[in-house]
Amino acid sequence: MEDRVRKLKESLGIPPDQYPVDIVGIASALGVKVYDAEFHNPNISGMVITDRKRVPKWVTPGERATIFVAKGEYPPRKAFTIAHELGHVVLGHVGGEGLRTDLFRGQGLPYDPQAEREANLFAAALLMPEEPFRQVWEAFAGRGIHYVAALFGVSVNAAAVRARELGLEVPLF
Ligand SMILES: [Zn+2]
């Protein structure tokens, strides 16, 4: 996944080690538009639609996919949700109906643990590039995960999961 994300960024002319990542800009460069939405179901954090027939009429035509993200989420959570939904598009998870809905904590409907895990790995690699993340972690983890998370524009939880995946020692927080 690291390689895949690195190549994707290179193809877009984005330095792979740059952070914090402009996730809406990356989505846009990939032909994916992002909108804030108020979902009827308060447990939904995000949704991605590729089937034009299912997209609301006010959405600009000509996009490859449309991502809706819960308006009320705080920015680091939103960034991860957008990156996760973008992962579903890039990794080809959006199925025949062209719609995928994600609940908080990344559970898809219908629940598909493999695809959810891949989308989460994609999002983590996209928002927290391995090399700078390792460097920042080694240099600043002593100040608290909050500090590292803020530098990458992600939640404390996302930073801790990423650190564990990279085999870094995660202090209790
Ligand atoms: Zn998902």
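Residues numbered from 1 in each chain as written. Predicted model: local features only at pLDDT ≥ 70, side-chain atom pairs only at ≥ 80, totals over all residues.

S.K.: Help me understand the pairing of strand β3 (residues 65-70), please; the structure alone is not making it clear to me.
M.R.: Here β3 lies mainly inside the structure; six of its six residues are buried. By the alternation rule, side chains of β3 split into A65, I67 and V69 and T66, F68 and A70, which are all buried. Alignment of strand β1 (residues 32-37) against β3, held across six bridges, turns out to be parallel. Note on β3: the bridge partner recorded for V34 is I67. Alignment of strand β2 (residues 44-49) against β3, held across four bridges, turns out to be antiparallel. Along β3, the bridge assignment pairs V48 with I67. (Buried ≥ 20, exposed ≤ 12 C-beta atoms within 10 Å, placed from the backbone. Helix = DSSP H or I, 4+ residues; strand = E, 2+ residues; numbered from the N terminus. Pairing = 2+ DSSP bridges.)

S.K.: Honestly, the nonpolar core in this entry has me stumped. Any pointers?
M.R.: Nonpolar side chains tend toward joint burial in soluble globular proteins. Judged by nonpolar contacts, the single largest core of 39 residues is most densely connected at I67, I82, A83 and L127. Of the residues forming this core, the biggest block, eight residues, is contributed by helix α4 (residues 113-127). When we break this core down by domain, the ones giving at least three residues each are domain 1 (2-127) and domain 2 (129-173). Not counting residues up to four positions away in its chain, the partners in contact with L127 are V21, I23, A79, F80, A83, F152, G153 and V154. (Core = buried A, V, L, I, M, F, W, Y, C linked by C-beta atoms within 7 Å. Domains from an automatic or database assignment. Contact = placed C-beta atoms within 7 Å.)

S.K.: Please clarify how helix α3 (residues 75-90) should be interpreted in this entry.
M.R.: Along an α-helix, residues three or four apart share an orientation, since each turn contains 3.6 residues. Between its first and last C-alpha atoms α3 spans 22 Å; for 16 residues at 1.5 Å apiece the expected length is 22 Å, and the two agree. Judged by how many residues are buried, α3 sits mostly within the fold: 14 of 16 residues are covered. (Expected span 1.5 Å × (residues − 1).)

S.K.: Where do I start with the packing of helix α6 (residues 145-152) against helix α7 (residues 156-165) in this structure?
M.R.: Any two packed helices are characterised by the angle at which their axes cross and by the distance between the axes. Their axes nearest at 8 Å, the elements α6 and α7 cross at an angle of 100°. By the angle between their axes, α6 is roughly perpendicular relative to α7. Residues I145, H146, V148, A149 and F152 of α6 touch α7, and the partners they reach there are V156, A159 and A160. (Axes fitted to C-alpha atoms, helices over the stretch in contact; angles between N-to-C directions. Parallel < 35°, antiparallel > 145°, perpendicular 65-115°, else oblique.)

S.K.: Is there a simple way to think about the environment of A125 in this case?
M.R.: Along the chain, A125 falls in helix α4. Owing to 24 C-beta atoms within 10 Å, A125 belongs among the buried residues under this scheme. For A125, the residues in contact, after removing those within four places along its chain, are M1, E2 and V5.

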